[in-house]
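What follows is the residue order along each chain.
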Amino acid sequence: MSFKFDENLGQSDFSAASLKQKAYFALQKSILDLEFIPGQLLRKNDLCKRFGISRTPLSEAIALLVQDGLVEVVPQAGTYVARFSMEDLREGAFIREAIEVAAITLLAEIITEPQLIELRRNLRLQRAFIDDGDIQGFYAMDAQFHAILLNSTGYKRLNRVADNAWMNVNRVRRLLLPIKGRLEATFREHKKIYNALEQKNPAKAGKMLKEHLGQLMTFVVPLEQEHPEYFA
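These lines cover the structure that appears in this document, whether it is placed above or below.

Parameters and conventions
Residues numbered from 1 in each chain as written. Predicted model: local features only at pLDDT ≥ 70, side-chain atom pairs only at ≥ 80, totals over all residues. Heavy atoms only, no water. Axes fitted to C-alpha atoms, helices over the stretch in contact; angles between N-to-C directions. Helix = DSSP H or I, 4+ residues; strand = E, 2+ residues; numbered from the N terminus. Parallel < 35°, antiparallel > 145°, perpendicular 65-115°, else oblique. Left-handed = near helix turned anticlockwise from the far one by under 90°. Contact = heavy atoms within 4.5 Å. Nonpolar A, V, L, I, M, F, W, Y, C, P; charged D, E, K, R; others polar. Pairing = 2+ DSSP bridges.

### Focus: the packing of helix α5 (residues 113-131) against helix α6 (residues 135-151)
Line of reasoning, step 1. At their nearest, the axes of α5 and α6 sit 9 Å apart, and the two run at 165° to each other. Relative to α6, α5 is oriented roughly antiparallel. Viewed along their axes, α5 and α6 form a crossing whose handedness is left-handed. Two secondary-structure elements touch here, α5 through E118, L119, N122, L123, L125, Q126, F129 and I130 and α6 through G137, F138, M141, Q144, F145, I148 and L149.
Line of reasoning, step 2. In terms of residue class, the contact of α5 with α6 is built from ten nonpolar, four polar and one charged.

Next up, the structure:
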């Protein structure tokens, strides 16, 4: 979710909006990075001290995170990091797949050499992070790889729309990447996607990407059994 400042805001209003934005993005990142785990109680006083803000902008930021599906406010109980919902995860995965498969099918017909170079560089960095055992570094390159695919279509809003749908899926993926062999498998899947694009083969590119994204739910189901406390 992006935040747009209103040019008619006064200085005090602008400051309040800025603090809300600061708290929103900082808390969102902490939740997506699993610094705050699903089901964890969020103590507002502690968060105010952490971000150096008052309760008002924090409460406004939390309201935005509720809309994202990342936070749940339980009356008379408190504010919690939202647990995963299998229904929401399936829906997010479905939306992301629909967007990305359509995008890559188009991209395979129009991709340029500079865009292929950008993808190759990204793949080399993925390989380096795997070799170094840097899961977080690989995760960042994984996200960048998919962003390159969407942005290369020329449609500017695709990546934002896909990210919003994928937000909770991204969270659960953080729990999956440490699974033995998953980083290597993801890298191989990315290389197949790249090869299809290099060949300018729309059908193959769509098929490779669909298979890649389809792997997700096969890992989520056993995760729900192993960590039921993370799921609603």
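### With respect to the sheet that holds strand β2 (residues 71-74)
Line of reasoning, step 1. Pairing within the open sheet is antiparallel, and its three strands lie in the order β1-β3-β2. Whereas interior strands pair on both sides, the edge strands pair on one side only; in this sheet they are β1 (41-42) and β2.
Line of reasoning, step 2. As paired strands, β2 and strand β3 (residues 78-81) are joined by four bridges and run antiparallel to one another. What sits directly across from V74, in β3, is G78.

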